[in-house]
Amino acid sequence: MIHRFHADCQARLQLELNRLQHSIVQLLQQENHAAEAALALRLQQHPVSSWPDLLTANKPWCIRQQLERLEAVIAALSQIELKLYGVCSDCEAQIEQERLELDAASQRCTQCEERHKKRDEISLLKRS
Ligand SMILES: [Zn+2]
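None of these values were measured; they are calculated from a predicted model.

### Considering the UniProt feature "zinc finger region: dksA C4-type" (unreviewed entry) in the chain
Following the UniProt record, one finds the feature "zinc finger region: dksA C4-type" (unreviewed entry) at residues 88-112. The span residues 88-112 is 36% helix and 0% strand, and its two end C-alpha atoms sit 8 Å from each other.

### Observations regarding the nonpolar core
The biggest cluster of nonpolar side chains holds 20 residues, and the ones touching the most others in it are L13, V73, A76 and A104. Those elements giving two or more residues to this core turn out to be helix 1 (4-30), helix 3 (51-58) and helix 4 (64-81). Examining the composition of this core, we find that six residues originate from one element, helix 1, more than from any other. Once you skip the residues sitting within four places of it in the chain, V73 turns out to touch L13, E16, L17, L20 and A105.

### Here we look at the UniProt feature "coiled-coil region" (unreviewed entry) in the chain
Residues annotated in UniProt with the feature "coiled-coil region" (unreviewed entry) correspond here to residues 88-115. Its end C-alpha atoms 13 Å apart, residues 88-115 is made of 43% helix and 0% strand.

### Concerning the packing of helix 1 against helix 2 (residues 34-44)
Put simply, helix 1 and helix 2 touch, their axes get as near as 7 Å, and they point 155° apart. What the angle tells us is that helix 1 and helix 2 run roughly antiparallel. By crossing handedness, the relation of helix 1 to helix 2 is classed as left-handed. Touching V25, L28 and Q29 of helix 1 are E36, A37, L39, A40, L43 and Q44, all from helix 2. Taken together, the residues of the contact of helix 1 with helix 2 break down into six nonpolar, two polar and one charged.

Reading guide: rules and limits
- Residues numbered from 1 in each chain as written.
- Predicted model: local features only at pLDDT ≥ 70, side-chain atom pairs only at ≥ 80, totals over all residues.
- UniProt positions renumbered as here; feature names shortened; annotations may be inferred.
- Helix = DSSP H or I, 4+ residues; strand = E, 2+ residues; numbered from the N terminus.
- Core = buried A, V, L, I, M, F, W, Y, C linked by C-beta atoms within 7 Å.
- Buried ≥ 20, exposed ≤ 12 C-beta atoms within 10 Å, placed from the backbone.
- Contact = placed C-beta atoms within 7 Å.
- Axes fitted to C-alpha atoms, helices over the stretch in contact; angles between N-to-C directions.
- Parallel < 35°, antiparallel > 145°, perpendicular 65-115°, else oblique.
- Left-handed = near helix turned anticlockwise from the far one by under 90°.
- Nonpolar A, V, L, I, M, F, W, Y, C, P; charged D, E, K, R; others polar.

Written as structure tokens, this is what we have:
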């Protein structure tokens with residue numbers, strides 16, 4: 001049996017997944033380019049789990065944010081199915097429930113997320 005809280009997160013993630021699917025198709029169609037329109041059609045013929053692969057191969061700039069979010073949501077949903085949900089990807093500690101309530105697709109505990117952000121900032125500084 002899935003933990004009650006996990007079932008709530010699963011329902012929220014599923015809703016977000018549906019919304020993302022719609023907005024990705026819409027954004028692609030709005031682009032008014034043959035390539036994007038063809039991609040939108042192709043996506044609709046495939047299960048959403050294969051969308052990240054299809055989209056990463058094509059990398060349409062207009063949906064880069066949605067694609068990132070789509071990957072996180074799909075990852076979280078499969079973790080619920082595998083009963084590995086809510087485990088920090090860095091230190092494997094339980095991710096705080098408040099964090100998952102704010103964002104059901106969180107992949108890191110608060111501590112590791114802070115560390116991760118700092119690493120990003122440092123690498124940005126080094127690059128500039
Ligand atoms: Zn952690």
